[in-house]
Amino acid sequence: MVGIEQIDPDGMTMTVLAGTPLEVVQKAADEAGLFFALDLGARGSCLVGGNLSTNAGGNRVIRYGMARDLVLGLEVVLPDGTVLPMLNRMIKNNAGYDLKQLFLGSEGTLGVITRAVLRLHPKPGCVAAALCVVTGYDKVVDLLATARRNLGPFLSAFEVMWADYWHQATVRVPGGKAPVAIGDGTHVVLIEMQGLDEDLDGARFDAWLQQQFEVGAIEDGAVARSLSDLSDFWGTRDAAAEFANPQVIGPHISFDIGLPIRRIEEFVTRSKPALLDRLGCHSVHYGHVGDGNIHIVAWVPGAAPQPLPTVSEIVYGIVRDLGGTVSAEHGIGLLKKPYLNHTRDEAQVDLMRRLKRCLDPHGILNPTKIFD
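Summarised in this report is the structure supplied together with it. (Residues numbered from 1 in each chain as written. Predicted model: local features only at pLDDT ≥ 70, side-chain atom pairs only at ≥ 80, totals over all residues. Heavy atoms only, no water.)

### What to know about the nonpolar core
Then, number 1: Membership of the largest hydrophobic core comes to 52 residues, with the highest contact counts inside it found for Val189, Ile191 and Phe267.
Then, number 2: Met14, Val71, Leu78 and Leu84 belong to the second largest nonpolar core, which has 33 residues in total. (Core = buried A, V, L, I, M, F, W, Y, C linked by side-chain atoms within 4.5 Å. Buried < 20%, exposed > 50% of the residue type's maximum accessible area, 1.4 Å probe, protein only.)

### Remarks on the sheet that holds strand E4 (residues 71-77)
Then, number 1: A sheet is described by the order of its strands in space; here 5 strands give the open sequence E1-E2-E6-E4-E5, paired in antiparallel fashion. The strands lining the two open edges of the sheet, one partner per strand, are strand E1 (4-8) and strand E5 (83-86). Averaged over all pairs of adjacent strands, the angle between strand axes in this sheet comes to 15°, irrespective of strand direction.
Then, number 2: Here E1 pairs with strand E2 (residues 13-17) via 4 bridges, running antiparallel. Counterpart to Ile4 in the pairing with E2 is Val16. (Pairing = 2+ DSSP bridges. Helix = DSSP H or I, 4+ residues; strand = E, 2+ residues; numbered from the N terminus. Axes fitted to C-alpha atoms, helices over the stretch in contact; angles between N-to-C directions.)

### Things to note about the packing of helix H5 (residues 137-151) against helix H7 (residues 198-214)
For any two helices packed against each other, one specifies the inter-axial angle together with the distance between the axes.
Then, number 1: Put simply, H5 and H7 touch, their axes get as near as 11 Å, and they point 150° apart. Of the two elements, H5 crosses H7, and the hand of that crossing is right-handed. Mapping the contact onto sequence places Leu143, Thr146, Ala147, Asn150 and Leu151 in H5 and Arg204, Phe205, Trp208 and Gln212 in H7.
Then, number 2: Its residues assigned to classes, the contact of H5 with H7 comprises 5 nonpolar, 3 polar and 1 charged. (Left-handed = near helix turned anticlockwise from the far one by under 90°. Contact = heavy atoms within 4.5 Å. Nonpolar A, V, L, I, M, F, W, Y, C, P; charged D, E, K, R; others polar.)

### Notes on helix H11 (residues 346-359)
Working note: α-helix, 3.6 residues per turn, so residues spaced by three or four point in the same direction.
Then, number 1: Here H11 is 14 residues long and its end C-alpha atoms lie 20 Å apart, about the 20 Å a rise of 1.5 Å per residue gives.
Then, number 2: Two to three positions downstream of the cap, the backbone nitrogen of Ala347 sits 3.2 Å from a side-chain oxygen, assigning the N-cap of H11 to Asp345. (Expected span 1.5 Å × (residues − 1). Polar contact = N/O pair within 3.5 Å; in protein donor to acceptor, adjacent residues only side chain to side chain.)

Bear in mind that shape data such as this cannot, by itself, settle questions of function.
The structure is reproduced here in C-alpha cells:
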C-alpha cells in the first residue's frame, strides 16, 4: 500500500496510500511546486498511516497544526470489513458527522486507514532561521510573543533547547556542531520563518532579530545564511535521535508531554531534582515550546533495565499537577495506559471505551492499546 495516486494542484490536495513514507510525500509535493507541512525527524522511515493514526505533530505545528489539520479525507476499513470511502477533497464539507476524526489519533484501535487525502500548501518562497541564546525562561516566553506578533503567520517553528540538552547534542554526539555557545541557565531557541519573498520577508526577519538583540531579549545568536546552515541548526534539534548511542547517553527513557507554555519551566525545575534525588536519574529537556510540547530524556547511568515505572510516576505526577497531558504527539499505546486518567477523566475514558465496543466489539484491532 505504497504510492501517490493523485496530486490536485487546483484543490491543493494529494491522495496517497497509507504505507507511503512521509519523505516521499514531502518530495512529491515539492516537485509539484507545493508543500506538505507535516515534518518530523523520522521522515525517512515513518509512514503516512502511522502519522495519521497517532495524530503526529512534529516541527511546524505552531503554523500548520497537527496531522489531523492536514487531512481532508480518509479511506478506512472497519473491523467487520466494511470500507468507508471518505475521500473528501473539499475544505468545506458539513454533510453530517466528520467521521474521519474518529480514526485520526485513535492508534489503529477503531479502524485501519488505507488511503488519505492530504492538504497541501503553497511552497514557501524563502526560509529564514536563527539560533538565539536567551537567559531565563520568562524571556523565552516573551520572545515567543513578539515573534508571533511581528512575524505573524510566517512563524513556522519555535523550538527550545535547555542547556542540559545542548551539551549532549553538541558536545557528546559524535560530529555535533555548536553554532552558538551558552552557559548554565540559558536556553537556545531555534526560530524559523517561512516567507514569500526573500527581499521583503528575509529583511523583515533580520530586522526583527536585530531589534530583539538591541533590547536585550536575545544575548547572542547565529543566523542561517545557507541551506547548510539551516541543516546544521535543525541538526542540533534532531540530535536526540543519537542519544541511544553508548558514547552519548545509551539506554534511556523518553517522554512526550504537553503543558501550558508558562508552566513548562516549573515542570523542569520540579522534575529534574525529583528524579535526581530519588533515583540518581539524570534528565535533559527540549521541545516544541511554541505549541506547549516538551520532550524529556531521562536515564540512570548503568541501570539495566532503566526504572521506567518509577520515573514515569514522577514525571506524569508533576504533569497532572500542572494541568498538562501525558501525551502531546505520540499517543498512549501500552506504556502510558496507567496514566491516561492523569489527563482524561472517567467520563471521557468511558466514552472512548463505548466507541471502541461499538466499532470493534470483538477487540481485534490493536488490542490492549490505550486501555484494556
